[in-house]
Amino acid sequence: MPSRPHPDAAPHHDAPLDAPTLAEEYLDEVLAVVERVPAGRATTYGIVADAVADVLGRGGPRQVGQVVARAGSGVAWWRVVNAAGSPPARHLDRALTELRAEGCPLTRDGRRVDLRRAVWLP
């Protein structure tokens, strides 16, 4: 007698998952979240990763950073900072210039986003 699959088992697919399609799906979802961050606000790589994981069930802050670094030129990438509120070190001056121009709250030293006042949650 054939066994029945467990109700919680993942569905069986005859064809393997298409890795490029999965990567594009992840990239698109990250950029869609970043596009929603309003001017004058900021979010973190971790917050974006959590929002994407809610939809796709995968990824983390480092993957979000890679997407933003490689494909984020069409979005306001400067609105995504690390958990301490620091923009990417390689583009710190440009990011801070953009954040200041938008009126985003910064820390007293002006080198980080004041996340208590500026954080945006999807």
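Residues numbered from 1 in each chain as written. Predicted model: local features only at pLDDT ≥ 70, side-chain atom pairs only at ≥ 80, totals over all residues. Heavy atoms only, no water.

Participant: Tell me what's going on with the layout of surface pockets, and back it up with residues and numbers.
Facilitator: Here the largest pocket is characterised by a volume of approximately 270 Å³. Looking at the largest pocket, the residues that line it are Tyr45, Gly65, Val68, Ala69, Arg70, Ala71, Gly72, Ser73, Trp77, Pro88, Arg90 and His91. Take the lining of the largest pocket: its biggest share by element is five residues, from helix α3 (residues 61-71). (1 Å grid on protein atoms, 1.4 Å probe; cavity = no way out; pocket = protein on both sides within 12 Å on 5 of 7 lines; lining within 4 Å. Points joined across faces, edges and corners; volume = space filled by probe spheres on them. Helix = DSSP H or I, 4+ residues; strand = E, 2+ residues; numbered from the N terminus.)

Participant: Tell me what's going on with the nonpolar core, and back it up with residues and numbers.
Facilitator: Judged by nonpolar contacts, the single largest core of 32 residues is most densely connected at Val30, Val64 and Val113. Counting residues per element, the ones that place at least two in this core are α1 (19-35), α2 (45-56), α3, β2 (80-81), α4 (92-102) and α5 (115-118). A total of six residues in this core trace back to one element, the largest contributor, which is α2. Discounting chain neighbours no more than four positions away, the residues touching Val113 are Ala42, Val81, Ala84, Gly85, Leu99, Cys104, Pro105, Leu106, Thr107 and Ala118. (Core = buried A, V, L, I, M, F, W, Y, C linked by side-chain atoms within 4.5 Å. Buried < 20%, exposed > 50% of the residue type's maximum accessible area, 1.4 Å probe, protein only. Contact = heavy atoms within 4.5 Å.)

Participant: If you had to explain the packing of aromatic side chains to someone new, which residues and values would you point to?
Facilitator: Applying the stated criterion to the full structure yields one aromatic pair. Between the aromatic rings of Trp77 and Trp78, the centroid separation amounts to 5.6 Å while the plane-to-plane angle is 80°, which identifies the pairing as edge-to-face. The exposure classification of Trp77 matches that of Trp78, with both residues buried. (Phe/Tyr/Trp six-rings, centres within 6.5 Å; stacked < 30°, edge-to-face > 60°.)

Participant: Mind laying out the confidence of the model for the chain, listing which residues take part and the relevant values?
Facilitator: Overall, the predicted model of the chain reaches an average pLDDT of 87, with 84% of residues at or above 70. Contacts from residues 1-17, a stretch scored under 50 in pLDDT, to residues over four places away or in other chains number one contact. (pLDDT = per-residue confidence, 0-100.)

Participant: So what's going on with α4? Which residues, and what values?
Facilitator: Residues of α4 that are buried include every one of Leu92, Ala95, Leu96 and Leu99, and no others. The buried residues of α4 occupy an angular sector of 95° when projected down its axis, which confines them to one face. Along α4, exposed side chains directed more than 90 degrees from the buried face belong to Asp93 and Ala101. Gly103 sits one or two positions beyond α4 and adopts a positive phi of about 80°. (Arc of directions from axis to C-beta.)

Participant: I'd love a proper account of the pattern of salt bridges, names of residues and values included.
Facilitator: When the charged atoms of two side chains with opposite charge come close together, those side chains can pair. Considering all chains together, one arrives at six salt bridges under this definition. Arg58 is the partner of Glu25 in a salt bridge, and the nearest nitrogen-oxygen pair spans 3.2 Å. One end of the pair, Glu25, is in helix α1; the other, Arg58, is in the loop between α2 and α3, and 33 residues separate them in sequence. Judged by relative accessible area, which is 28%, Arg58 ranks as partly exposed. Salt-bridge contacts for Glu102 lead to Arg79; the nearest nitrogen and oxygen are separated by 2.6 Å. In this pair, Glu102 sits in helix α4 while Arg79 sits in the loop between α3 and β2, placing the two residues 23 residues apart along the sequence. For Arg79, a relative accessible area of 12% translates into the label buried. Bridged by salt links that share partners, the residues Asp114, Arg116 and Arg117 form one connected network. (Salt bridge = Lys/Arg side-chain N within 4 Å of Asp/Glu carboxyl O.)

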